Each structure stands twice: as structure tokens, then as C-alpha cells.
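Here's the letter readout for the chains.
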Amino acid sequence: MKNRIIAIKANITTLEVDAIVNAANQSLLGGGGVDGAIHEAAGPDLLDECEKLNGCDIGDAKITAAYDLPAKYVIHTVGPMWDGGDFGEGFLLESCYKNALDLMLQYKCKTIAFPSISTGMYCYPIEDAATIAFATVIERLKDTPEIEQVIFCCFSDYDLDVYNEIMSCNEFLTL
Ligand code: AR6
């Protein structure tokens, strides 16, 4: 099927998908960036549910309802802070994508949108992060026909260009 993976520039809080992913911190109690935007758009009930989750480890993911958002679920994951690349950052970032995809399947979601995890406040270089994001997702889509669409939701033209460049170089684009 075509367009199973797309990159767009958008505010992730506006997307009508089954699940949007939040680039949260270990407390899961909100923050800035996309985390702040998601909590603001979802309303205070999201924080109430997050308070019951006892936080989240780096690389792990937890799911909640989406409340006032048009999505059905929010999958909260905690990306690694970039520290030069020799401290397992790549492995942890890959885990974020893998665990989010596991959760979407568990909850029978067919569509999901990811922000560019770790590349804002956590300073992960966008080119490296997007390469990991794309490689992890495409690997998973190969054996998971029930996933209809994965959206990489970029927040800048530059990030969108990076994703499109990586995707255009990949022979499995139409997978
Ligand atoms: N829609 C889509 N992408 C967005 C939006 C939005 N509304 N807002 C920001 N981005 P960041 P991190 C992009 O900093 O690096 C929070 O305080 C942003 O431009 O949100 O994983 C958490 O609580 C960037 O490309 O997440 C943590 O403490 C991407 O989302 C910490 O920041 C990720 O940037 C997590 O840092």
C-alpha cells in the first residue's frame, strides 16, 4: 500500500489519528515543547490520568486516553537526552519507537503520528534521530499489515526536509 509512511508539517495536536505520540519526560506530568502542547490541547483530565502512571523510564512508553484531542489515544514515551552519542542514545530512541508501535497494536490502533522525539529540548541531532525513526518504523511495518499509516509529524520546514530526504532514499518507501 502506498503512503503507509508519510512526513508532514503540522501541530500534532490537530491530527485525527488513532494515536499520537508524546515526547514526554520521566515524570509524565507535562513539560514544554510537544508535551506542553498535548497537555494543553487535551485538557486537565490527561494530567489526572498521567498522575496514576508512576512515570515512565527512558525508552519505554505508556498509553492514555486523549480527552479533548481529536486522536483516540496518547502514547507517552521518554526519549534520551543527547549526550554525544556514546551513552546508548540510539538504542533508547529506537526503543521509544518500538514500544510505541507495540502499544498501538495492543490497543488496535491503525494510524499513529510521531513527533520528532528527543530532537527539541533533548538536543538529539535531527538527521540521526530521523534515520533511527524511519528505520525502526519501516522494519516494523514489514511484518505488521494491520498498521495502516505512520505519520512523522514535523514542526519545522527543516525537519520535514530531513525526513523527506531520508524517505526518498529508501527503496521500501511504497511498502
Ligand atoms: N506538534 C508537533 N511537533 C512539535 C510540537 C507540536 N505541537 N511542539 C513541538 N514539536 P520537544 P524532546 C516538536 O522539545 O526533545 C518537554 O518539556 C519540536 O519542534 O517537545 O523529546 C518534555 O516534558 C521537536 O522537533 O521534545 C521533556 O522534558 C520535537 O517536537 C522534553 O521536552 C520534540 O521536541 C523532551 O524533549
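A brief look at the structure comes next.

A look at the sheet that holds strand E2 (residues 19–24)
Alright, step 1. Taken in spatial order, the six strands make up an open sheet running E1-E6-E5-E2-E4-E3, and their pairing is mixed. In this open sheet, the two strands that pair with only one neighbour each are strand E1 (5–9) and strand E3 (61–65). On average, adjacent strands in this sheet sit at an angle of 25° to one another, irrespective of strand direction.
Alright, step 2. Sheet analysis places strand E5 (residues 111–114) next to strand E6 (residues 149–154), joined by four bridges and oriented parallel. Paired with Phe114 across the bridge in E6 is Phe152.
Alright, step 3. Sheet strands touched by helix H1 (residues 33–42): E2 and strand E4 (73–78). Its angle to E2, the strand with the most contacts, is close to 130°.

Some words on unusual backbone geometry
Alright, step 1. In this structure, Tyr67 takes a positive phi of about 50° despite not being glycine.
Alright, step 2. For Tyr67, a relative accessible area of 34% translates into the label partly exposed.
Alright, step 3. Despite not being glycine, Ser118 shows a phi value in the positive range, around 75°.
Alright, step 4. Relative to the helices and strands, Ser118 resides in the loop between E5 and helix H4 (126–142).

Reading guide: rules and limits
Numbering of residues begins from 1 in every chain and follows the order in which that chain's sequence is written. Whole-chain, interface and lining totals are the exception, using all residues; otherwise, since this is a predicted model, local features are given only for residues with pLDDT of at least 70 and side-chain atom pairs are given and counted only at 80 or more. Just so you know, side-chain values use all the structure's heavy atoms and leave hydrogens and water out. Any two strands with at least two DSSP bridges between them are considered paired. Counting from the N terminus, the helices are the DSSP runs of H or I reaching at least four residues and the strands are the DSSP runs of E reaching at least two. Only the stretch in contact is used when a helix axis is fitted, and all axes are lines through C-alpha atoms; the angle between N-to-C directions ranges over 0 to 180 degrees. Two residues form a contact once any of their heavy atoms are found within 4.5 Å. Exposure categories follow from relative accessible area, calculated using a 1.4 Å probe and restricted to protein chains: below 20% of the type maximum is buried, above 50% is exposed, and the middle band is partly exposed.

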